[in-house]
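# Fold and geometry: a report
Each chain is listed here by its residues.
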Amino acid sequence: MTELEAYLPFWGKLIPGQREQLRASAVRRVFEKGDNVRRGPEHCIGLLMVCSGQLRVYITSDSGREVTLYRLFERDICLLSASCMMPNIQFEVSVQAWERTEVVVIPAAVYQELAKTSLPVAAYTSDLMAARLSDVMWLLDQVMNKSFDSRLAAFLLEEAGESMVLQRTHEEIARYLGSAREVVTRMLRYFQDEGAVSLSRGVVHIRDAALLKRYARESLR
C-alpha cells in the first residue's frame, strides 16, 4: 500500500517488522458524502489517512448543535478517529465524510503499539495533536471574538475556491459553522442583496469576491 510510505513521515525510521505489521493491518475504505465515519466514543475506527475527498471533524452540543473543529484533506491524517487509544480525551468527537472520501485505516491497537515502541511515531503523534489543538484554538477565537458575517464570508470563499460556486445547503453550512439554518439564510440573503452572492437551491454563486473578502477579513487565515 503505497500511501503508507508516502503519507507517514516516520515510515523510513521504522524497522522492517513494524513496516510489515502496518502493511498487513491497513485497509482501504470509501465513504460517501454525509456518511458518519466515527460517531461517539464507542466507535473507534482507527487512524485515518485521507487519500482523496474531505473529512469533517466536529462535536455536538447538548442541544444538538454541531460545531466543526477542522477539516482534513488529501494526505492529512485523522488521529481522533482512534481516540480510544487516548484515555485522557474526555469529549466526544465525530467524523463525517464532507464529500466522497477514500481513506486508509490503520487499526487503533496497531498504531498504539507502534507509538509505545517507536520514538519517531510517538513524536509524530505529539506533533499532530499539537497541530490539531492549534486548529481548535483558532476556531474558539473565531466563535468567541469574530462576527458571524465574517465567519460565513470566509467559509464561502474557502469552500468555493476558484470555481466561485459552493454546492451546499443552508443546513449544511449551518452545521459546519455551529449556527442555525435561519441565521445562515438571513445572512446569505443579505449578501445577495449587497451583490456579493446569488442563491439558488443548494447552490451559492459568488458574484463579488472582493466584497466578500472585505466581510471576511477578520476570519481568513
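Residues numbered from 1 in each chain as written. Predicted model: local features only at pLDDT ≥ 70, side-chain atom pairs only at ≥ 80, totals over all residues. Heavy atoms only, no water.

Within an unreviewed UniProt entry, the label attached to the protein reads Crp/Fnr family transcriptional regulator, and the organism entered is Hydrogeniiclostridium mannosilyticum.

Okay, helix 7 (residues 181–193) next. For helix 7, which comprises 13 residues, the first-to-last C-alpha distance of 18 Å matches the rise-based estimate of 18 Å (1.5 Å per residue) to within 8%. Along helix 7, the residues that are buried comprise Val184, Thr185, Leu188 and Phe191. Projected onto a plane normal to the axis of helix 7, the buried residues spread over an arc of 125° and lie on a single side. The outward face of helix 7, more than 90 degrees from its buried face, is lined by the exposed residues Arg186, Arg189 and Asp193. Elements that come into contact with the buried residues of helix 7 comprise helix 5 (148–160), helix 6 (170–177), strand 10 (197–200), strand 11 (203–206) and helix 8 (209–216). The positive-phi residue at the C-terminal boundary of helix 7 is Gly195, with phi of around 90°. (Helix = DSSP H or I, 4+ residues; strand = E, 2+ residues; numbered from the N terminus. Expected span 1.5 Å × (residues − 1). Buried < 20%, exposed > 50% of the residue type's maximum accessible area, 1.4 Å probe, protein only. Arc of directions from axis to C-beta. Contact = heavy atoms within 4.5 Å.)

Further remarks concern unusual backbone geometry. The bulk of non-glycine residues show a negative phi, and the bulk of peptide bonds are trans. At Arg75, a residue that is not glycine, the phi angle is positive and equals roughly 80°. Looking at the element boundaries, Arg75 is found in the loop between strand 5 (66–72) and strand 6 (77–78). Its identity is not glycine, yet Met164 carries a phi of approximately 65°, on the positive side. Within the fold, Met164 resides in the loop between helix 5 and strand 9 (165–166). A relative accessible area of 29% places Met164 in the partly exposed class.

Taken together, three strands build an open sheet; the order of strands is 9-11-10 and the sheet is antiparallel. A strand with exactly one partner marks an edge of an open sheet, and here the two such strands are strand 9 and strand 10. Across four bridges, the pairing between strand 10 and strand 11 is antiparallel. Pairing of Val197 across the sheet is with Ile206, part of strand 11. In the packing of helix 7 onto the sheet, contacts are made with strand 10 and strand 11, and the angle to strand 10 comes to roughly 125°. (Pairing = 2+ DSSP bridges. Axes fitted to C-alpha atoms, helices over the stretch in contact; angles between N-to-C directions.)

Take the pattern of salt bridges next. Within this structure, the stated rule accounts for twelve salt bridges. Residue Arg71 pairs with Glu159 through a salt bridge whose shortest N-O separation is 2.2 Å. Of this pair, Arg71 sits in strand 5 while Glu159 is found in helix 5, placing the two residues 88 residues apart along the sequence. Residue Lys146 pairs with Asp141 through a salt bridge whose shortest N-O separation is 2.9 Å. (Salt bridge = Lys/Arg side-chain N within 4 Å of Asp/Glu carboxyl O.)

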